[in-house]
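# Survey of secondary and tertiary structure
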Amino acid sequence: MIHFFEILNKKYIVDVNSGIVHEVDDLVYDIIKEDAYKNRDNLTKIYKNYDKKIVDESIDELKSLEEKELLYTKEKHIVPKIKPTLKSMCLNIAHDCNFLCEYCFASKGNFGGKKELMSYETGKKAFDYLVQNSKGRKNLEVDFFGGEPLMNFQVVKDLVEYGRKIEKKHNKNFRFTITTNGMLLNEDNIDYINKNFHNVVLSLDGRKSVNDNMRKDRANKGTYDKIVPKFKNLVDKRGDKDYFIRGTFTRENLDFTQDVKNIKNLGFDIISMEPVVTEEKNFFSIKKEHVETVKKEYEKLCQYYIDKKNEGDGFNFFHFEIDLDGGPCIYKKISGCGAGNEYVAVTPSGDIYPCHQFVGEEKFIIGNVETGITEKEIPNSMYKSNITTKDKCRDCWAKYFCGGGCHANAYNFNSSFKIPYEVGCEFEKKRIECAIRIKSEE
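Residues numbered from 1 in each chain as written. Predicted model: local features only at pLDDT ≥ 70, side-chain atom pairs only at ≥ 80, totals over all residues. Heavy atoms only, no water.

Attention now goes to the overall build of the protein. When its secondary structure is counted, the protein shows 16 helices and 16 strands. Its C-alpha radius of gyration of 24 Å places the protein within 12% of the 22 Å reference for a compact globule of 442 residues. Dimensions of the protein, computed from C-alpha atoms along their principal axes, come out at roughly 75 × 45 × 45 Å. Long-range contacts, defined here as pairs at least 24 residues apart, represent 69% of the contacts in the protein between residues at least 6 apart. Summed over its atoms, the accessible surface of the protein is roughly 20900 Å², and 46% of this surface lies on carbon and sulfur atoms. Placing the 71 positive and 71 negative side-chain charges of the protein at their respective mean positions leaves the two points 4 Å apart. (Helix = DSSP H or I, 4+ residues; strand = E, 2+ residues; numbered from the N terminus. Rg over C-alpha atoms; globule rule 2.2 N^0.38 Å. Contact = heavy atoms within 4.5 Å. Areas by Shrake-Rupley, 256 points an atom, 1.4 Å probe, with all protein chains shown as cover. Lys, Arg positive; Asp, Glu negative; His and termini not counted. Charge placed at Lys NZ, Arg CZ, Asp CG, Glu CD.)

What follows deals with the sheet that holds strand 4 (residues 88-92). The strands making up a sheet associate through hydrogen bonds between their backbones, and the pairing can be parallel or antiparallel. Strand order in the open sheet made by the eleven strands is 12-11-10-9-8-7-4-13-14-15-16, with mixed pairing throughout. Two strands in the sheet have a free side with no partner beyond their single neighbour: strand 12 (316-317) and strand 16 (372-373). Relative to strand 7 (residues 139-145), strand 4 is paired through five bridges, and the arrangement is parallel. When the bridges of strand 7 are listed, Cys 90 appears paired with Asp 143. (Pairing = 2+ DSSP bridges.)

Next up on the list: the packing of aromatic side chains. If you walk through the whole model with that rule in mind, you get 31 aromatic pairs. With centroids separated by 5.9 Å and ring planes inclined at 40 degrees, the aromatic side chains of Phe 144 and Phe 176 adopt a geometry described as tilted. Here Phe 144 is found in strand 7, whereas its partner Phe 176 is found in strand 8 (residues 173-180), with 32 residues between them in sequence. Comparing Phe 144 with Phe 176 shows no difference in burial state: the two are buried. Ring centres 5.8 Å apart and planes at 90 degrees place the aromatic pair Phe 153 and Tyr 192 in the edge-to-face group. Linking Phe 153 in helix 5 (residues 153-167) with Tyr 192 in helix 6 (residues 187-196), this pair joins segments that are 39 residues apart in sequence. Here the aromatic cluster, defined as three or more aromatic residues joined through ring pairs, consists of Tyr 120, Phe 127, Phe 144, Tyr 162, Phe 174, Phe 176 and Phe 197. (Phe/Tyr/Trp six-rings, centres within 6.5 Å; stacked < 30°, edge-to-face > 60°. Buried < 20%, exposed > 50% of the residue type's maximum accessible area, 1.4 Å probe, protein only.)

Another point: the packing of helix 10 (residues 291-310) against helix 16 (residues 422-439). In contact at an axis separation of 10 Å, helix 10 and helix 16 are set at 25 degrees when each is read in the N-to-C sense. With respect to helix 16, the element helix 10 is oriented roughly parallel. Crossing hand, helix 10 versus helix 16: right-handed. Residue-level contacts link Val 291, Val 294, Lys 295, Tyr 298, Glu 299, Cys 302, Tyr 305 and Ile 306 of helix 10 to Val 423, Glu 426, Phe 427, Lys 430, Arg 431, Cys 434, Arg 437 and Ile 438 of helix 16. Among the residues making up the contact of helix 10 with helix 16, the classes are represented as ten nonpolar, no polar and six charged. (Axes fitted to C-alpha atoms, helices over the stretch in contact; angles between N-to-C directions. Parallel < 35°, antiparallel > 145°, perpendicular 65-115°, else oblique. Left-handed = near helix turned anticlockwise from the far one by under 90°. Nonpolar A, V, L, I, M, F, W, Y, C, P; charged D, E, K, R; others polar.)

Looking now at the side chain of Lys 308. By the element assignment, Lys 308 lies in helix 10. Using a relative accessible area of 12% as the deciding quantity, one classes Lys 308 as buried. Filtering out sequence-adjacent residues up to four positions away, Lys 308 remains in contact with Lys 264, Asp 313, Gly 314 and Phe 315.

Nothing here speaks to function; it is all geometry.
See below:
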């Protein structure tokens, strides 16, 4: 299987099964596009536009690539290994929030239930569960999430200290992340976060008008002017430790390249800008009719990314950072999302869900920190829903880059883990093409 595409005045052929990417000239691209290499009857049209000798030489070169298994590589029958062990946990430390974000999948922070903060005892049991069920893994990840985790920051600190206390005993290494809207940041908790957290996710949607249209405080006022100085303070003090600004674009700002530019101009250089995923009835939802507009916008962002890099002022855009030289092993590429198996989410009451996007839907409770995972059918079903079992994925050129997409999005839109969210697929494929274009500049 191959995929050919043109982006920003360059042309490429992706050999899907080997992962090899060829940057090609117009002639080779047209030979492939017209299927003239495999179907000699189509060469007549090619000969009309190019010198016959050069065409024949190009075809010989394509044949040589195929013989060397660099093009039209045959697919190998590989199935996922035995189910992986747990390695990461989303700790919903607060089912409460001081923001009223329009697009919040967590129902403004309480996930459709009562407002609740996680206790230290529940958090300890979650840590113990992670340690006990991560056999063979040394590096473990805990993301303190919400709602807004800074609303329960003392428990966050207590649990970080507990993790440090038990990691040596069990030969583990905890890597902590916290995701925050920034409103409660101050000098003390900034210093603590920068000292103890491997990564920090800071929520900001870009331009002031865009951010304040969606991300309002409890008084229904915009938050941009309050949080940006706090984010800058945290990042300035963070040194070379990881962080990223995490934005969301909606139908209201399909020109999201301008929002990435705004974030970059503020001095932040590690950025993610995610498309909103929500019910179509919402005024800010992105629908199929918006897909081509978004794809063109990704190309604009790709050009901006290249220009900044060539100017010596580059930045990291999460979705354009793809390792084309190595990346995940083939088994990981096939298995894709690790929800319910490699990754779980824990609520303040101690309930375990496959991931944070299922929290609040009681039918997806798969256990509790007291009992462990007792409802194994859901994790098993998720594990079996991989690119070898999804009809739409099997024939998709991007399957080994993507891994099959998000289980939550698939289920929420199609009531099945095995039917990917179509709009998300289109965006992912375009982002991969952009990433390949960027890689070819190096």
